[in-house]
Amino acid sequence: MAPVTDHCSFSSFSKCLTRHLNLSLQADFSSRVLRGRVALTVEVLEDKFSSLTLDTKDLKIFKVSANGQAAKFELGAQHGFKGSPLEITLPFELSRGQHVIVEVEYETSPSASALQWLSPAQTAGKKHPYLFSQCQATHCRTMVPCQDTPSVKHTYYAQVSVPKELIAVMSAVRDGQEADPTDSSRVIYRFRQPVPMPSYLIALVVGALESREIGPRSRVWSEKEHVDQAAFEFTETETMLKTAESLAGPYVWGQYDLLVLPPSFPYGGMENPCLTFVTPTLLAGDRSLSNVIAHEISHSWTGNLVTNKTWEHFWLNEGHTVYLERMIGRAMEGEQFRQFKAIGGLKELQEAVHQFGANNAATNLVVNLEGVNPDECFSCVPYEKGFALLYHLEELMGGPEVFMGFVKSYIQMFAYSSVTTEQWKDYLFTYFKDKVDILNKVDWNGWMHTPGMPPFKPQYDTTLADACNALAQRWTKAKDADLSGFSEADIKQLSSHQLIEFLALLLLQDPLPTSHVKRMQEVYKFNSINNSEIRCRWLRLCVKSEWEDAVPLALKMATEQGRMKFTRPLFRDVYNFAKFRDEAVKVFKEHRNEMHSVTAMLVAKDLKVDQSTGL
């Protein structure tokens, strides 16, 4: 097989592989930097080996050694999101199969894209600062010089020195703490991750954290202001873990903790091993909470245990994870619930394809990232187009039990390694060797390498969606004279999942007249609902209908939390309301420094704000 190229990495992973990282870091909140060293245990893959390249971005490199001997190094020119290659020349030659320990002393930049440093005012407690990392996809290199590619997996140990009033946690098993012998005002926390994993899953949080036990292998962490509510919300964690194990095989990571982050966290969740990060928007009575937790738990197998080899193949992580997440939902809530969630996912995919444009290559399942920052392609396409393909294959191969057998076997086959779409497809054909004639009829090019909606639209069971469709059609067809016929009884029997679907259906139609959304508020009182998934769709519907009273509420939601799923479309919709375009830009500029760097970059792009000058 041809060697894999990772367009997002400079590192020389065809010549050598990192097998282990040993991190020793100090968190300096006054300078907003991490400083310390990393020792990489590197396995050599070729004879006459005497140099290697690591990924870095915005790092100060002080010293490099190899097996304790000084090594020459040079930082190459900066290349946009890829950063600067760190070229290291060893003071000796090595042969294939040998190992070398390369140690780098360094310091991060205050603007490192992996790290968000929060002032006390940006936290719930308002007393102490807070630090969290987000390394996916290519940001680990701003925190650690490393082979920052999902092609490479390694174990890691870490020790982190922090002010003694704060606690550090990482994507690893906690391994004790001790007073910092060099500074009595600090404490050192130790961690070990014995399961090999890619660099993008290294994660660190430092803050005034508390935890509560929520299961035999789980704790929930957050600031004390939210910890009891979080413990109450996440009571189903162990049930979900056991359900996932029954479907996908043993959970290999030991601990499964959850950490509720401050509001600027840009994602719903992040599957860092041993310590899933989740958005605080889930605590606002959000019944999509179970979907997010099921999704992040599923990543323990698809994504963390079996990983996409490069970001072009991101759908392997996310499509399989959505499939497994919905199989957990099926086990816990029934097949109709899984079908209903799949219908909702298809709507999200339609909206994303509409947003990108149906001919945009970013809507391919397998994307080309040559010269492209993977963050700029982030959307629900790999999740929902990936799921749609797997569901299509499930129907062709004989149903959910049969296809889940394949998914479990695929996980066992490729556990602890990274794979490409080609390897996945080869294994699919091997596993279903008796059904190759059916597989050969699948439009593989249409699914993988063609933009837009999938070449085949699955027919899902609409039982739970029918009531949503009927109500949405009533509103779409209603004239002003019909508005008195709506009442709160319309939604009395609908679950929060169905309310989300009802609003999502309306968002796909032409905007309703302003009179309609005003009446909807009168009878359904959506403004008083805190569920973030409902609130975001409701406010978007109002803004699209040009109800001016909704604009300040939409901008408030867009800025009081930073989850991109909500923040980006809210800003976009206000921007597209011509009268408030300048207001959207003004509010964004006022709040951009509180936002996560990825969120700020993508909202700036959406609002056509020049990112170099801020104009």
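Since the structure is predicted, the reported quantities are computational estimates derived from the model, not experimental observations.

Observations regarding unusual backbone geometry
Okay, so step 1: Between Gln 136 and Ala 137 the backbone carries a cis peptide bond, its omega angle lying at 5 degrees.
Okay, so step 2: Of note, Ala 137 is situated in the loop between β10 (130-133) and β11 (154-163).
Okay, so step 3: For Tyr 416, which is not glycine, the phi dihedral falls at a positive 70 degrees.
Okay, so step 4: Turning to its location among the elements, Tyr 416 is positioned in the loop between α7 (400-414) and β22 (417-419).
Okay, so step 5: Under the relative-accessibility criterion, Tyr 416 is labelled partly exposed at 43%.
Okay, so step 6: For Lys 525, which is not a glycine, the phi torsion comes out positive at approximately 50 degrees.
Okay, so step 7: Residue placement: Lys 525 occurs in the loop between α13 (514-524) and α14 (532-544).
Okay, so step 8: For Lys 525, a relative accessible area of 48% gives the class partly exposed.

Quick notes on the sheet that holds strand β7 (residues 84-94)
Okay, so step 1: Read across the open sheet, the three strands follow the order β3-β7-β6; overall the sheet is antiparallel. This sheet does not close on itself; its edge strands, each paired only once, are β3 (49-56) and β6 (72-75). Shown here is a sheet whose adjacent strand axes are inclined to one another by a mean of 20 degrees, direction ignored.
Okay, so step 2: With four bridges joining them, β6 and β7 adopt antiparallel strand pairing. Each residue of the ladder has a partner; that of Phe 73, found in β7, is Ile 88.

Overview of the pairing of strand β1 (residues 16-28)
Okay, so step 1: Burial of β1 is extensive: 10 of the 13 residues sit out of reach of the surface.
Okay, so step 2: Here β1 runs beside strand β2 (residues 33-44); their pairing, made up of 12 bridges, is antiparallel. Pairing of Leu 17 across the sheet is with Glu 43, part of β2.
Okay, so step 3: The antiparallel hairpin formed by β1 and β2 contains four residues in its connecting segment, where Arg 32 sits at a positive phi of about 60 degrees.
Okay, so step 4: The pairing of β1 with β11 spans seven bridges and is classified as parallel. When the bridges of β11 are listed, Leu 21 appears paired with Tyr 156.

Side note on the state of the cysteines
Okay, so step 1: On inspection of all chains with the given rule, the structure shows zero disulfides.
Okay, so step 2: Looking at the unpaired Cys 274, the closest cysteine sulfur is the one in Cys 135, lying at 15 Å.
Okay, so step 3: Its sulfur unpaired, Cys 542 is 11 Å from the next cysteine sulfur, which belongs to Cys 536.
Okay, so step 4: Under the relative-accessibility criterion, Cys 542 is labelled buried at 1%.

Quick look at the sheet that holds strand β20 (residues 275-278)
Okay, so step 1: Spatially, the five strands line up as an open sheet ordered β16-β17-β18-β20-β19, and their pairing is mixed. Since the sheet does not close on itself, it has two edges, and those belong to β16 (209-215) and β19 (269-270), each with one partner.
Okay, so step 2: In this sheet, β20 lies alongside β19 in antiparallel orientation, the contact comprising two bridges. Counterpart to Gly 269 in the pairing with β20 is Val 278.
Okay, so step 3: Seen against the sheet, helix α1 (residues 224-233) touches β16, β17 (218-223) and β18 (257-260) and runs at an angle of roughly 145 degrees to β17.

Structural notes on the packing of aromatic side chains
Okay, so step 1: Considering all chains together, one arrives at 35 aromatic pairs under this definition.
Okay, so step 2: Ring geometry for Phe 406 versus Phe 432: centroids 5.8 Å apart, planes at 40 degrees, classification tilted. Linking Phe 406 in helix α7 with Phe 432 in the loop between α8 (421-431) and α9 (436-439), this pair joins segments that are 26 residues apart in sequence. Note on accessibility: Phe 406 and Phe 432 belong to one class, buried.
Okay, so step 3: Ring geometry for Phe 414 against Tyr 427: centres 5.8 Å apart, planes inclined by 85 degrees, an arrangement best described as edge-to-face. Placement of the pair is Phe 414 in helix α7 and Tyr 427 in helix α8, with a sequence separation of 13 residues.
Okay, so step 4: Here Tyr 427 falls in the buried class, since its relative accessible area comes to 15%.
Okay, so step 5: Each residue in the set Tyr 323, Phe 387, Tyr 391, Phe 403, Phe 406, Tyr 410, Phe 414, Tyr 427, Tyr 431, Phe 432 and Tyr 460 is aromatic and connected to the rest through ring pairs, giving one cluster.
Okay, so step 6: Above the plane of the ring of Tyr 575 lies Arg 581, whose end atom (NZ or CZ) is 4.3 Å from the centre.

The rules we used
- Numbering of residues starts from 1 in each chain and follows the order in which that chain's sequence is written.
- Whole-chain, interface and lining totals are the exception, using all residues; otherwise, since this is a predicted model, local features are given only for residues with pLDDT of at least 70 and side-chain atom pairs are given and counted only at 80 or more.
- The basis for the side-chain values is all heavy atoms of the structure; hydrogens and waters are excluded.
- Each helix corresponds to a stretch of at least 4 residues labelled H or I by DSSP, and each strand to a stretch of at least 2 residues labelled E; elements are numbered beginning at the N terminus.
- Summary of the burial criterion: residues with accessible area below 20% of their type's maximum are buried, those above 50% are exposed, and those between are partly exposed, where the area comes from a 1.4 Å probe applied to protein chains only.
- Pairs of strands are assigned from DSSP output, requiring at least two bridges between the strands.
- Convention adopted: a line fitted to C-alpha atoms gives each axis, helices being fitted over their contacting stretch, and angles between N-to-C directions are expressed from 0 to 180 degrees.
- Note on disulfides: each one is a pair of cysteine sulfur atoms within 2.5 Å.
- The contact criterion used is simple: two residues touch if any of their non-hydrogen atoms lie within 4.5 Å.
- The rule is short: rings of Phe, Tyr and Trp, with Trp giving its six-membered ring, pair when the centres are within 6.5 Å, and they are stacked under 30 degrees, edge-to-face over 60, tilted in between.
- Our definition puts a charge over a ring when NZ of Lys or CZ of Arg is within 6 Å of the ring centre and also within 35 degrees of the ring normal.

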